[in-house]
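Listed here are the chains, written in short residue letters.
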There are 2 protein chains.
Amino acid sequence: MKPELIHQLQAIVGSKHCTTRPEDLHCYSYDGRSTGPLPEVVVFPDSTEQVSRIMQLASAHRFPVVPRGAGTGMTGGSLPVKGGAVMVLTRMNRILEIDRQNQIAIAEPGVITADLQKEARKHGLFYPPDPASVKFCTLGGNAGECAGGLSAVKYGVTKDFIIGLEVVLPSGEIITTGTRTEKGVTGYDLTRLFVGCEGTLGIITRLTCRLLPLPEARETFLVSSESLAATTTLVATILNNDVLPCTLEYMDRTAIGIVTGFMAEPPPENTEALLLLELDGTRQSVAEESERLQQLLASHPEFTVHKAATRDEAATLWQARRSISPATFNLKPNKISEDVAVPRSRIPELVAFCEKMAAELNLIVLTFGHAGDGNIHVNIMLDKSDPEQERAGEEAKKRLFEFTISIGGTLSGEHGIGTAKSKFLPLELNPATIRAMKGIKQLFDPLNILNPGKIFPAE
Amino acid sequence: MKPELIHQLQAIVGSKHCTTRPEDLHCYSYDGRSTGPLPEVVVFPDSTEQVSRIMQLASAHRFPVVPRGAGTGMTGGSLPVKGGAVMVLTRMNRILEIDRQNQIAIAEPGVITADLQKEARKHGLFYPPDPASVKFCTLGGNAGECAGGLSAVKYGVTKDFIIGLEVVLPSGEIITTGTRTEKGVTGYDLTRLFVGCEGTLGIITRLTCRLLPLPEARETFLVSSESLAATTTLVATILNNDVLPCTLEYMDRTAIGIVTGFMAEPPPENTEALLLLELDGTRQSVAEESERLQQLLASHPEFTVHKAATRDEAATLWQARRSISPATFNLKPNKISEDVAVPRSRIPELVAFCEKMAAELNLIVLTFGHAGDGNIHVNIMLDKSDPEQERAGEEAKKRLFEFTISIGGTLSGEHGIGTAKSKFLPLELNPATIRAMKGIKQLFDPLNILNPGKIFPAE
């Protein structure tokens, strides 16, 4: 990018909100998974109008623009793989309105998700999507990737809580989608097209979010068992018996092993798998569901059930769950972290497959995650300095995807495709479907300037 | 269309499933709202492959194809306004699978919605979307229009229960969208693009539907009041007090008047408005919500609350509610029936506006409908043989839309735009947004052969 273009960007956002210093560029060249090339410039707009003017400039001079929030993504969605400008939306971090009566929030994309949750709570409301990075990640990033999280089994994911958007198109045009109302069928549903588009179709500059009444009670249970198969089978059983936990997390023996130190009390010896389960709602409904759950489990002596006596104890359990991902690096220096999703009745098959594959390829593979919605995090641990292990890891990833698709699953439950999984897209989508998606990309971004090089396999 | 084309259509579907007899054509020239021109041919495919071959033929010879199910739509979506072929999908009426474990159904588009509900119930599950025409309308039509219904306040609308599709594009290509899993972010969300596209982007040939566990209990309440304003205000109050009814229907004095005959017991004299409210869930949770509701209402002496003692009594109340729409014709021979939606806290303003407008224009205007989600059915009654009334009716419709938009509402909550509201689209959507939607139409249907003349205002 020529200096003249940098000056024009500075003129739009103010010179202190536009940088080309190498140390700054470096900070915007990686995400939660990996590091990529440096951008040529990083620009921090503060308004929809500035975003629009930047895109007009990018259209006129055909430089790539990569929008991002906190960069906590897991598939390379925010990396400037084709150079150009990174557009950081964290200055647009205003919560513009909490409409208590209609249970709606209007917010800018740079709002940190936990900040919206905090603000909603003040009004007796809550915003359910809760990706692991909730304290850092932004609403815009969540919407771009359609982030999930722990509570999706009961409440759904980001797309279920975004009912309207303001979007700047690659041309700089500003459109609005959706409504402030629960129902709305005026024209095509563009909201869902932009939610989960991984920043490739438009830049979200305002979001209308649904909120829910804050649940008044909460109970946490730890269910341990010496049988992995029994535990993974229990997931569908619970959900088919009128118990709908707000979280239903599973961890295998390896995952338990690395986080036992975080637990106040280690699980019983010979534990092969754990379910961590939380109920929420009104006091009475939680009491009722809790009783139903305990009755159900009483008829299954293979499970040991422990109910957290206090909120502190529950917090310790969740701390253990959240520590799995970082703690995996105690096993090996590198990992391939996948977030496949399968119909939940097929979880036992998926987990058994992973165990068998790990043995065959001589790899450590751990499985844990959002069992309630079938979204299992498969972590393939390895040391990339060993070419043999790296090859085995890639082979494991390929086999995992193929098996997942064969049992009705999907490549990604919540992380997106980005650059990490683009070459596997044809495993799941037929050529006509990929052509349709590429047609949409071409329609909105004919110059291919907005977050190029993502989702679709290289030609 | 030349006889040669008709023969080719007959060759695809079999001659008895393709008709040009005038009496048959007539049957496919109207919907729930109005009558349009006759199609040139009506064709009844029985498989995705036949649908694909018909579209290939249509592409090659550029004749319009209008897909439809039962034709119960309210905005002209299924009318062949540009001639050509009507494609009736009612032969594709197989429920292919009920997956009890994962709470999913796979069905063809011609399945009658009530039939899916019945089948799901056998497995202890239910399919919540319940448009008034549930006993006649089809899943494909519901998906095309994103049909709503009475239970949307708690459960959402059709789009919330369709997680995957098979679609035949205008070119005849077959694509699949979405997943069988709760979570899935592989590529763009095309499912939502086709749900609610009013049959203009592709023909849905298979649907993956989410099901929920069947609620075990249900209670029905009738809340009457002498104050219209108090009643419409109560809607948001209920929902902000941890009571989430599965239906929360409202009717004004005029609506009550025309259906009193259907009620076992008429409402108290001087009743200005009614709320009809149903709770569902487990026995305990219904008991709990019921108590909370009754406590809330106890502090508002302006309301008279009556709880239906038996299922039969509840059924009578619902019969009264469902009879409003047909019974309106006892008032006047014609009506303009709109389904605007507003944020629910704005319902009192909308209803007051309608009352005032009716007085000013000397029209009978009644309001009733899905208060819980702000989707109010405004029926403007008139005698079209009187040009004066017809003019006043059109004026009322225009004023209604303008006011709705001004308070954050939308032109259509659940009926779609079709031909009925296309000229008002620019009231709600800015030119760039309409351009984006037209671009999508052009992308999927470059020859403009699939359900042409819908949604967008004529150039």
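Because the structure is a prediction, the values reported are computed rather than measured.

Basis of the calculations
Residues numbered from 1 in each chain as written. Chains lettered and ligands numbered in written order. Predicted model: local features only at pLDDT ≥ 70, side-chain atom pairs only at ≥ 80, totals over all residues. Heavy atoms only, no water. Salt bridge = Lys/Arg side-chain N within 4 Å of Asp/Glu carboxyl O. Helix = DSSP H or I, 4+ residues; strand = E, 2+ residues; numbered from the N terminus. Buried < 20%, exposed > 50% of the residue type's maximum accessible area, 1.4 Å probe, protein only. Axes fitted to C-alpha atoms, helices over the stretch in contact; angles between N-to-C directions. Parallel < 35°, antiparallel > 145°, perpendicular 65-115°, else oblique. Left-handed = near helix turned anticlockwise from the far one by under 90°. Contact = heavy atoms within 4.5 Å. Nonpolar A, V, L, I, M, F, W, Y, C, P; charged D, E, K, R; others polar. UniProt positions renumbered as here; feature names shortened; annotations may be inferred. Pairing = 2+ DSSP bridges. Expected span 1.5 Å × (residues − 1). Least-squares fit on C-alpha atoms with pLDDT ≥ 70 in both. Domains from an automatic or database assignment. Buried area = accessible area lost by both parts, 1.4 Å probe. Polar contact = N/O pair within 3.5 Å; in protein donor to acceptor, adjacent residues only side chain to side chain. Phe/Tyr/Trp six-rings, centres within 6.5 Å; stacked < 30°, edge-to-face > 60°. Core = buried A, V, L, I, M, F, W, Y, C linked by side-chain atoms within 4.5 Å.

### What to know about the pattern of salt bridges
Right, so step 1: Tallied over the full model, the rule gives 72 salt bridges over all chains.
Right, so step 2: Its salt-bridge partner being Lys118(A), residue Asp115(A) comes within 3.6 Å of it at the nearest N-O pair. Of this pair, Asp115(A) and Lys118(A) are both found in helix α4 (residues 113-122), three residues apart, which corresponds to roughly one turn of the helix.
Right, so step 3: Residue Glu249(B) is joined to Arg321(B) by a salt bridge in which the shortest nitrogen-to-oxygen separation is 2.6 Å. In this pair, Glu249(B) is assigned in strand β13 (residues 247-252) and Arg321(B) in helix α11 (residues 311-327), connecting sequence segments 72 residues apart.
Right, so step 4: Among the residues examined, Glu249(B) registers a relative accessible area of 1% and is labelled buried.

### Things to note about the packing of helix α12 (residues 347-361) of chain A against helix α13 (residues 387-406) of chain A
Residues and elements named next belong to chain A.
Right, so step 1: It is at 11 Å that the axes of α12 and α13 come closest, and there the two elements cross at 155°. Here α12 lies roughly antiparallel to α13, going by the angle between them. Crossing geometry of α12 relative to α13 is assigned as right-handed. From α12, Glu349, Leu350, Phe353, Cys354, Met357, Glu360 and Leu361 reach across to α13, where they touch Ala392, Glu395, Ala396, Arg399, Leu400, Phe403 and Thr404.
Right, so step 2: Of the residues belonging to the contact of α12 with α13, the class tally is nine nonpolar, one polar and four charged.

### Thoughts on the environment of Ile417(A)
Right, so step 1: Relative to the helices and strands, Ile417(A) resides in the loop between α13 and α14 (425-428).
Right, so step 2: Each C-alpha atom of the pair Ile417(A) and Phe401(A) lies 12 Å from the other, and the pair is 16 residues apart in sequence.

### Here's the deal with the UniProt feature "domain: FAD-binding PCMH-type" (unreviewed entry) in chain A
Right, so step 1: Per the UniProt record, "domain: FAD-binding PCMH-type" (unreviewed entry) is found at residues 35-214 of chain A.
Right, so step 2: For residues 35-214 of chain A, the end-to-end C-alpha separation is 38 Å, with 22% helix and 24% strand making up the annotated structure.

### Topic: the sheet that holds strand β10 (residues 203-210) of chain A
All names here are of chain A.
Right, so step 1: With antiparallel pairing, five strands are arranged side by side in an open sheet as β5-β6-β10-β8-β9. Two strands lie at the open edges of the sheet, namely β5 (95-99) and β9 (174-178), each paired on one side alone. Sheet twist, expressed as the mean angle between neighbouring strand axes with direction ignored, is 10°.
Right, so step 2: Where β5 meets strand β6 (residues 104-107), four bridges bridge the pair, whose relative direction is antiparallel. Bridge pairing in β6 links Asp99 to Ile104.
Right, so step 3: Of the strands in this sheet, β5, β6 and β10 are in contact with α4, which crosses β5 at around 35°.

### Here's the deal with the sheet that holds strand β1 (residues 18-19) of chain B
All names here are of chain B.
Right, so step 1: If you walk across this open sheet you meet the four strands as β1-β2-β4-β3, and the pairing is mixed. Of all the strands in the sheet, the pair left with one neighbour each is β1 and β3 (65-68).
Right, so step 2: Strand direction decides the pairing type here: β3 and strand β4 (residues 85-88), joined by four bridges, are parallel. Its bridge partner lying in β4, Val65 is registered against Ala85.

### Some details on helix α10 (residues 283-298) of chain A
Right, so step 1: Taking 1.5 Å as the rise per residue, α10(A) with 16 residues should run 22 Å; its terminal C-alpha atoms sit 22 Å apart, in good agreement.
Right, so step 2: The inward-facing, buried residues of α10(A) abut β12 (217-225), α8 (228-239), β14 (273-281) and β15 (303-307) of chain A together with α10 (283-298) of chain B.

### Topic: the relation of the copies chain B and chain A
Right, so step 1: Of the two same-sequence chains, chain B is brought onto chain A (RMSD 0.0 Å, axial shift 0.0 Å) by a rotation of 180°. Each copy turns onto its partner about a two-fold axis. Considering only C-alpha atoms, the residue of chain B closest to the rotation axis is Ser285(B), which sits at 2.9 Å.

### Quick word on the domain arrangement of chain A
Residues and elements named next belong to chain A.
Right, so step 1: Partitioning chain A into domains gives domain 1 (3-88), domain 2 (95-213), domain 3 (217-327) and domain 4 (331-406).
Right, so step 2: The centre of domain 1, based on its C-alpha atoms, is set 22 Å off from the matching centre of domain 2.
Right, so step 3: Carbon and sulfur atoms supply 64% of the area that domain 1 and domain 2 bury against each other, a total of about 1,100 Å² over both sides.
Right, so step 4: At the surface where domain 1 touches domain 2, the tally comes to zero salt bridges.
Right, so step 5: Seen at the junction of domain 1 and domain 2, the total is four residue pairs in polar contact (both at pLDDT 80 or more).
Right, so step 6: Here the side of domain 1 that touches domain 2 gets six residues from one element, more than from any other, and that element is helix α3 (residues 48-61).
Right, so step 7: For the side of domain 1 that touches domain 2, the residue count by class is five nonpolar, eight polar and no charged.

### As for the environment of Arg62(A)
Residue and element names in this part refer to chain A.
Right, so step 1: Note on placement: Arg62 falls in the loop between α3 and β3 (65-68).
Right, so step 2: Along the sequence, Arg62 and Leu450 sit 388 residues apart, while their C-alpha atoms lie 9.7 Å from each other.
Right, so step 3: With residues near it in sequence (within four places) discarded, Arg62 still touches Leu57, Leu447 and Ile449.

### Considerations on the side chain of Arg321(A)
Right, so step 1: By relative accessible area, which is 7% here, Arg321(A) ends up buried.
Right, so step 2: Sequence-distant contacts of Arg321(A), defined by excluding residues within four places in its chain, comprise Leu150(A), Glu249(A), Met251(A), Leu276(A), Phe368(A), Gly369(A), His370(A) and His377(A).

### Details of the packing of aromatic side chains
The geometry of an aromatic ring pair is captured by two quantities: the separation of the ring centres and the angle between the planes.
Residues and elements named next belong to chain B.
Right, so step 1: Under the definition given, this model contains 14 aromatic pairs over all chains.
Right, so step 2: Judged by centre distance (5.1 Å) and plane angle (80°), the ring pair of Phe126 and Tyr155 falls under edge-to-face. Taken together, the residues Phe126 in strand β7 (residues 125-126) and Tyr155 in helix α6 (residues 152-155) connect sequence positions 29 residues apart. Take Phe126 and Tyr155: they sit in the same class, and that class is buried.

### Quick word on the nonpolar core
Soluble globular proteins tend to pack their nonpolar side chains together in the buried interior.
Right, so step 1: Judged by nonpolar contacts, the single largest core of 186 residues is most densely connected at Tyr188(A), Phe194(A), Tyr188(B) and Phe194(B).
Right, so step 2: When sequence neighbours within four positions are dropped, the list of residues in contact with Phe194(B) reads Ala143(B), Leu165(B), Val167(B), Leu169(B), Ile175(B), Thr177(B), Leu201(B), Gly202(B), Ile204(B) and Phe444(B).

### Some thoughts on unusual backbone geometry
Excluding glycine, residues mostly carry a negative phi; peptide bonds, for their part, are mostly trans.
Right, so step 1: In this structure, Arg62(A) is a non-glycine residue whose phi angle is positive, near 55°.
Right, so step 2: Owing to a relative accessible area of 58%, Arg62(A) belongs among the exposed residues under this scheme.
Right, so step 3: For Asn448(B), which is not glycine, the phi dihedral falls at a positive 55°.
Right, so step 4: You can see Asn448(B) is positioned in the segment after α15 (431-444).
Right, so step 5: Taking the relative accessible area as the measure of exposure, Asn448(B) reaches 41% and is therefore partly exposed.

### What to know about the interface of chain B and chain A
Right, so step 1: At the junction of the two partners, chain B supplies 78 residues and chain A supplies 78 residues.
Right, so step 2: Among the residues chain B hides against chain A, the three largest losses belong to Lys183(B), Val185(B) and Tyr188(B). Together they make up 16% of the total.
Right, so step 3: Joining chain B to chain A, the criterion identifies eight salt bridges.
Right, so step 4: The salt bridge partner of Lys183(B) is Glu414(A), with a shortest N-O separation of 2.8 Å.
Right, so step 5: Broken down by secondary-structure element, the contributors of at least two residues to the side of chain B that touches chain A are β9 (174-178), α7 (191-194), α8 (228-239), α10, α14 (425-428) and α15 of chain B.
Right, so step 6: The element contributing the most residues to the side of chain B that touches chain A is α15(B), with ten residues.
Right, so step 7: Partitioned by chemical class, the residues of the side of chain B that touches chain A number 29 nonpolar, 30 polar and 19 charged.

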